[in-house]
Amino acid sequence: MQRFLFLCCITAMLGACVTVPVPLKGQFSEVNPSQVADSGQAGESVRWGGEIIKVTPGESATCFELLSRQLDAKARPRPSDSSDGRFIACRAGFYDPEVFVKGRDLTITGKVEGTEKGLVGKFDYTYPRVAADTIYLWPKRPLIIQTDDPWPYAPYWGGFGPYWGAGFWGPW
C-alpha cells in the first residue's frame, strides 16, 4: 500500500512539472504555418509559437512576425535550427516593442484568417495570418555555458604544477 501511495505522489509531482499555462490550454488543429501558407486554408483554431522577428504596433492592433518553432510539452517554442516558416499574428491593443523584443519566445492561440503577401529581403513570401486570442511571452531562457572541461577548476591555476613558466604572475 505504501508503494502505491509513493508511486501516486511521484506521478502527481512529475505531472505537475509539465503543464501548459492556463491561457494556452485548449483543443487546436495540428496544422502548421507552412501547410497554411501552401493551402491558404482559414478558420482553423491553432496554437503556434516561435521566435519574435518583428513587432508592429498599429492604430488598433499590434502584429507580430514570428519564426515558427515546434512547441514542447509546455507549449513553449523549442530552441532549434529548424522551422515551419514565418507567420503573422495580430491582436487588438498595444504591445510594446521594447518588451516584445526580437529573439524572445512567444506562443499564440487564435484562428487562421488566411494568408498575406510580404517580402523577406527581396523574396516574395506568403505569411499565414492569425487573429490571436492569446499572446504569451515566455521568460528569457537562462544562459547556460557548456564547457568541455569535466573539472570546473584547472588544477594548475596560477602557473603551478608540472608546467612551470608563464602563469598568473607572468613569465619568470
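Keep in mind that this is a model prediction, so the values were computed, not measured. (Residues numbered from 1 in each chain as written. Predicted model: local features only at pLDDT ≥ 70, side-chain atom pairs only at ≥ 80, totals over all residues. Heavy atoms only, no water.)

(A) Spotlight on the overall build of the chain. The secondary structure content of the chain amounts to two helices and five strands. When its helices and strands are written in sequence order, the chain yields α-α-β-β-β-β-β. Evaluated residue by residue, the chain yields a buried proportion of 30% over its 172 residues. Sequence-distant contacts, at least 24 apart, represent 61% of the contacts inside the chain between residues at least 6 apart. Per element, the accessible surface of the chain, about 11900 Å² overall, is 58% carbon and sulfur. (Helix = DSSP H or I, 4+ residues; strand = E, 2+ residues; numbered from the N terminus. Buried < 20%, exposed > 50% of the residue type's maximum accessible area, 1.4 Å probe, protein only. Contact = heavy atoms within 4.5 Å. Areas by Shrake-Rupley, 256 points an atom, 1.4 Å probe, with all protein chains shown as cover.)

(B) Broad picture of the layout of surface pockets. Roughly 360 Å³ of volume is contained in the largest pocket. Secondary-structure elements contributing two or more residues to the lining of the largest pocket are β1 (45-57) and β2 (61-69). Classifying every residue of the lining of the largest pocket by side-chain character gives seven nonpolar, seven polar and five charged. (1 Å grid on protein atoms, 1.4 Å probe; cavity = no way out; pocket = protein on both sides within 12 Å on 5 of 7 lines; lining within 4 Å. Points joined across faces, edges and corners; volume = space filled by probe spheres on them. Nonpolar A, V, L, I, M, F, W, Y, C, P; charged D, E, K, R; others polar.)

(C) How the structure looks around the side chain of Thr62. Residue position: Thr62 is located in strand β2. For Thr62, a relative accessible area of 0% gives the class buried. Among the polar contacts made by the side chain of Thr62, one reaches the main-chain carbonyl oxygen of Gly93 at a distance of 2.8 Å. Polar contacts involving the side chain of Thr62 include one to the main-chain amide nitrogen of Tyr95, which spans 3.1 Å. (Polar contact = N/O pair within 3.5 Å; in protein donor to acceptor, adjacent residues only side chain to side chain.)

(D) Molecular detail of the sheet that holds strand β5 (residues 123-137). Strand order in the closed barrel made by the five strands is β1-β2-β3-β5-β4, with mixed pairing throughout. Taking the axes of each pair of neighbouring strands and ignoring which way they run, one obtains an average angle of 45 degrees across the sheet. The sheet contact formed by strand β4 (residues 105-120) and β5 spans 14 bridges and is antiparallel. Across the sheet, Thr115 pairs through a bridge with Pro128, a residue of β5. (Pairing = 2+ DSSP bridges. Axes fitted to C-alpha atoms, helices over the stretch in contact; angles between N-to-C directions.)

(E) How the structure looks around the nonpolar core. Residues Trp48, Phe64, Phe100, Leu106, Ile108, Val130 and Ile135 are the most contacted members of the largest nonpolar core, which totals 18 residues. Those elements that provide at least two residues to this core are β1, β2, β3 (86-92), β4 and β5. A total of four residues in this core trace back to one element, the largest contributor, which is β1. Those residues in contact with Phe100, other than ones at most four positions away along the chain, are Ile52, Val55, Phe64, Tyr95, Leu106, Ile135 and Leu137. Core analysis: the second largest hydrophobic core is formed by five residues, Ile88, Cys90, Tyr125 and Tyr127 among them. (Core = buried A, V, L, I, M, F, W, Y, C linked by side-chain atoms within 4.5 Å.)

(F) Main features of the pattern of salt bridges. All chains considered together, the criterion is met by seven salt bridges. With a closest N to O distance of 2.5 Å, Arg129 and Glu116 form a salt bridge. Highlighted residues: Arg129 in strand β5 and Glu116 in strand β4, separated in sequence by 13 residues. (Salt bridge = Lys/Arg side-chain N within 4 Å of Asp/Glu carboxyl O.)

(G) Highlighting the packing of aromatic side chains. Evaluation of the coordinates by the stated rule reveals six aromatic pairs. Taking 5.6 Å as the distance between ring centres and 65 degrees as the angle between the ring planes, the aromatic pair formed by Phe64 and Tyr95 counts as edge-to-face. Linking Phe64 in strand β2 with Tyr95 in the loop between β3 and β4, this pair joins segments that are 31 residues apart in sequence. Classification of Phe64 by relative accessible area gives buried; the value is 0%. (Phe/Tyr/Trp six-rings, centres within 6.5 Å; stacked < 30°, edge-to-face > 60°.)

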